[in-house]
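Structural overview
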Amino acid sequence: MVVTLLKHKFSASLVFGLFVLILVLWEYFHGGVTSHHLLAQKEMPAISNWWGLLSVPVLTWITLTRIEVRRKNSLLKAGEFSAQVIRGFFGGLIYGLSFAMLWEFGMADYMQYALILPLVLALFYPVYRMECMLGFVLGLTYTFGGVLPLLIAPVLLLGGLIVFKGFRVIASGLKKQFRSKKSS
């Protein structure tokens, strides 16, 4: 499935762009296209949801290109690799939708706690991958447009990368140290 999607990067980018276009047109005909202020502060600049028509297809293209490169270098079988990518995408999508629902249902106070979740998950799963970011951005697109999630996602991905790789380096060092003490 992923291999087929990789062969049709343009089509996939177009489909996600069409998704954003439908959202923006719906906003346009129901009171105007929303603009979101950075950090939800009126003094800060506003970013229109129109920009999502550019950002989401470009993100899709970049994501599929990165997945393609990773697939060529992967030792996993095609089916295992596809399952890994799909799980990452849907994990990011569910996280983004959950985050958006907190905002939509007036529970923004809990969003600060929800921001920690990817860092906790990064102890066990590689949440720093591009498919997670694409799912996250798509999940937040209805609520925050296609650009603001792109400002948050790289920070979460970088944090996830540091935790995922750092935890493994520390665990490996402790394991070696434990083995060396045990053998002497």
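Scroll up to find the structure this text is about.
**Brief notes about the pattern of salt bridges**
- For the coordinates displayed, the defined rule picks out two salt bridges.
- Salt-bridge contacts for Lys-9 lead to Glu-68; the nearest nitrogen and oxygen are separated by 3.1 Å. With Lys-9 in helix α2 (residues 9–29) and Glu-68 in helix α3 (residues 52–73), this residue pair connects regions lying 59 residues apart in the sequence.
- Between Arg-70 and Glu-131 there is a salt bridge, with the nearest N and O atoms lying 2.9 Å from each other. Taken together, the residues Arg-70 in helix α3 and Glu-131 in helix α7 (residues 130–144) connect sequence positions 61 residues apart.
- Classification of Arg-70 by relative accessible area gives partly exposed; the value is 22%.

**Some points on a nonpolar patch on the surface**
- A contiguous nonpolar surface patch, about 820 Å² in accessible area, is contributed by Met-101, Phe-105, Met-107, Tyr-110, Tyr-113, Ile-116, Leu-119 and Val-120.
- Its place among the elements puts Tyr-110 in the loop between α4 (78–104) and α5 (111–114).
- Given a relative accessible area of 51%, Tyr-110 falls into the exposed group.

**Notes on the environment of Ser-13**
- For Ser-13, the location among the structural elements is in helix α2.
- In this structure Ser-13 comes out as buried when scored by relative accessible area, which is 7%.
- On a C-alpha basis, the gap between Ser-13 and Ile-62 in space is 9.4 Å, while along the polypeptide they are 49 residues apart.
- Those residues in contact with Ser-13 that sit more than four places away from it in its chain are Pro-57, Thr-60 and Trp-61.

**Considering the nonpolar core**
- The biggest cluster of nonpolar side chains holds 27 residues, and the ones touching the most others in it are Leu-59, Phe-99, Met-133, Phe-136, Val-137, Leu-138 and Leu-140.
- When residues of this core are traced back to their parent elements, those giving at least two are α2, α3, α4, α5, α7 and α8 (148–183).
- If one sorts the elements of this core by residue count, α7 sits on top with eight residues.
- Excluding residues that lie within four positions of it along the chain, Val-137 makes contacts with Val-56, Leu-59, Gly-146, Pro-149, Leu-150 and Ala-153.
- Grouped together as the second largest cluster of nonpolar side chains are five residues, Ala-12, Leu-64, Ile-67 and Val-85 included.

**Digging into the side chain of Thr-141**
- Counting through the fold element by element, Thr-141 comes out in helix α7.
- Under the relative-accessibility criterion, Thr-141 is labelled buried at 4%.
- A distance of 2.6 Å separates a polar side-chain atom of Thr-141 from the backbone oxygen of Val-137.
- Discounting chain neighbours no more than four positions away, the residues touching Thr-141 are Phe-19, Val-20, Leu-23, Val-56 and Gly-146.

**A closer look at α2**
- When the terminal C-alpha atoms of α2 are compared, their 30 Å separation across 21 residues agrees well with the 30 Å that a helix rising 1.5 Å per residue should span.
- Within the sequence span of α2, burial applies to Lys-9, Ala-12, Ser-13, Gly-17, Val-20, Leu-23, Val-24 and Glu-27. The buried residues of α2 all sit within an arc of 130° when viewed along its axis, so they share a single face. Away from the buried face of α2 by more than 90 degrees, exposed residues Phe-10, Leu-14, Val-15, Ile-22 and Phe-29 are located.

What counts, and where the lines are drawn
Residues numbered from 1 in each chain as written. Predicted model: local features only at pLDDT ≥ 70, side-chain atom pairs only at ≥ 80, totals over all residues. Heavy atoms only, no water. Salt bridge = Lys/Arg side-chain N within 4 Å of Asp/Glu carboxyl O. Helix = DSSP H or I, 4+ residues; strand = E, 2+ residues; numbered from the N terminus. Buried < 20%, exposed > 50% of the residue type's maximum accessible area, 1.4 Å probe, protein only. Patch = residues over 30% accessible without salt bridge, like charges linked within 9 Å, V, L, I, M, F, W, Y side chains within 5 Å. Areas by Shrake-Rupley, 256 points an atom, 1.4 Å probe, with all protein chains shown as cover. Contact = heavy atoms within 4.5 Å. Core = buried A, V, L, I, M, F, W, Y, C linked by side-chain atoms within 4.5 Å. Polar contact = N/O pair within 3.5 Å; in protein donor to acceptor, adjacent residues only side chain to side chain. Expected span 1.5 Å × (residues − 1). Arc of directions from axis to C-beta.

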